[in-house]
Amino acid sequence: MAHFYLNVRDGDELIRDSYAYPFANAQAARDAAVRTLREMLGDDAQKLAQKQIEIADATGHAIAVVSAHDVMVPVRVH
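Student: Help me understand the overall build of the protein chain, please; the structure alone is not making it clear to me.
Tutor: Secondary structure assignment for the protein chain yields three helices and five strands. Starting at the N terminus, the α and β elements of the protein chain follow one another as β-β-β-α-α-β-β-α. Taking all 78 residues of the protein chain together, the buried fraction comes to 29%. Total accessible area on the protein chain is roughly 5,300 Å²; 51% of this is exposed by carbon and sulfur atoms.

Okay, structure coming up:
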């Protein structure tokens, strides 16, 4: 089981996660980041639109970035 940090970036500010979460692989960590951003966007999509989750490996190096724009569900207008 690999360990990954889910750091939150809001514009220029990076909030480093102090806890490394165990995931089966990097894709599982990315899936968790997508779910987390979707939950956060449920609160206030406009306010959170600039947020990203940077997935870092056990050494702290970012290996992937998930942007709020990547997970926002399009709204259909009728």
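The structure having been displayed, the exposition proceeds.
Student: Hey, could you run me through the pairing of strand 5 (residues 62–67) in this one?
Tutor: Within a regular strand, the side chains alternate between the two sheet faces. Inspection of the sheet shows strand 4 (residues 51–56) paired to strand 5 by five bridges, in the antiparallel sense. Within strand 5, the position partnered with Glu 54 by the bridge is Val 65.

Student: Looking at this structure, I do not really get the packing of aromatic side chains. What am I missing?
Tutor: Two aromatic rings, taken as a pair, are described by how far apart their centres are and by the angle between their planes. As enumerated under the stated definition, the model contains two aromatic pairs in all. Pairing Phe 4 with Phe 23 gives two aromatic rings, centres 6.3 Å apart and planes at 50°, and the pair type is tilted. In this pair, Phe 4 is assigned in strand 1 (residues 2–10) and Phe 23 in strand 3 (residues 21–23), connecting sequence segments 19 residues apart. On the accessibility criterion, Phe 23 (14% relative accessible area) is buried.

Student: Explanation requested: the pairing of strand 1 in the structure shown.
Tutor: Bridging between strand 1 and strand 3 involves three bridges; their strand directions are antiparallel. The partner of His 3 across the bridge, within strand 3, is Pro 22. With six bridges connecting them, strand 1 and strand 4 associate as antiparallel partners. Considered in strand 4, the bridge of Arg 9 is made with Gln 52. Strand direction decides the pairing type here: strand 1 and strand 2 (residues 13–15), joined by three bridges, are antiparallel. In the strand pairing of strand 2, Asp 10 is matched with Glu 13. Counted between consecutive antiparallel strands, the loop separating strand 1 from strand 2 contains two residues, among which Gly 11 sits at a positive phi close to 65°.

Student: Where do I start with the side chain of Glu 54 in this structure?
Tutor: Here Glu 54 shows up in strand 4. With a relative accessible area of 11%, Glu 54 lands in the buried category. When sequence neighbours within four positions are dropped, the list of residues in contact with Glu 54 reads Tyr 5, Leu 6, Asn 7, Arg 9, Leu 14, Ala 62, Ala 64 and Val 65.

Cut-offs and rules
Counting restarts for each chain: residues are numbered from 1 in the order of the written sequence. Local features in this predicted model are restricted to residues of pLDDT 70 or higher, and side-chain atom pairs are both shown and tallied only at a pLDDT of 80 or more, whereas totals for entire chains, interfaces and linings draw on every residue. Water and hydrogen atoms play no part in the side-chain values, which are based on all heavy atoms of the structure. We count a stretch as a helix when DSSP gives it H or I for four or more residues in a row; a strand needs E for two or more, and each element gets its number in order from the N terminus. Type-normalised accessible area, obtained with a 1.4 Å probe on protein chains alone, sets the label of each residue: buried when under 20%, exposed when over 50%, and partly exposed for intermediate values. A 1.4 Å probe and the Shrake-Rupley method give the accessible areas. Residues count as covered only by the protein chains that appear here. Here, any two strands with at least 2 DSSP bridges between them count as paired. In this analysis, rings of Phe, Tyr and Trp, with Trp reduced to its six-membered ring, are considered paired at centre separations within 6.5 Å, and the interplanar angle assigns stacked below 30 degrees, edge-to-face beyond 60, and tilted for intermediate values. Contacts are assigned to residue pairs that have any heavy atoms within 4.5 Å of one another.

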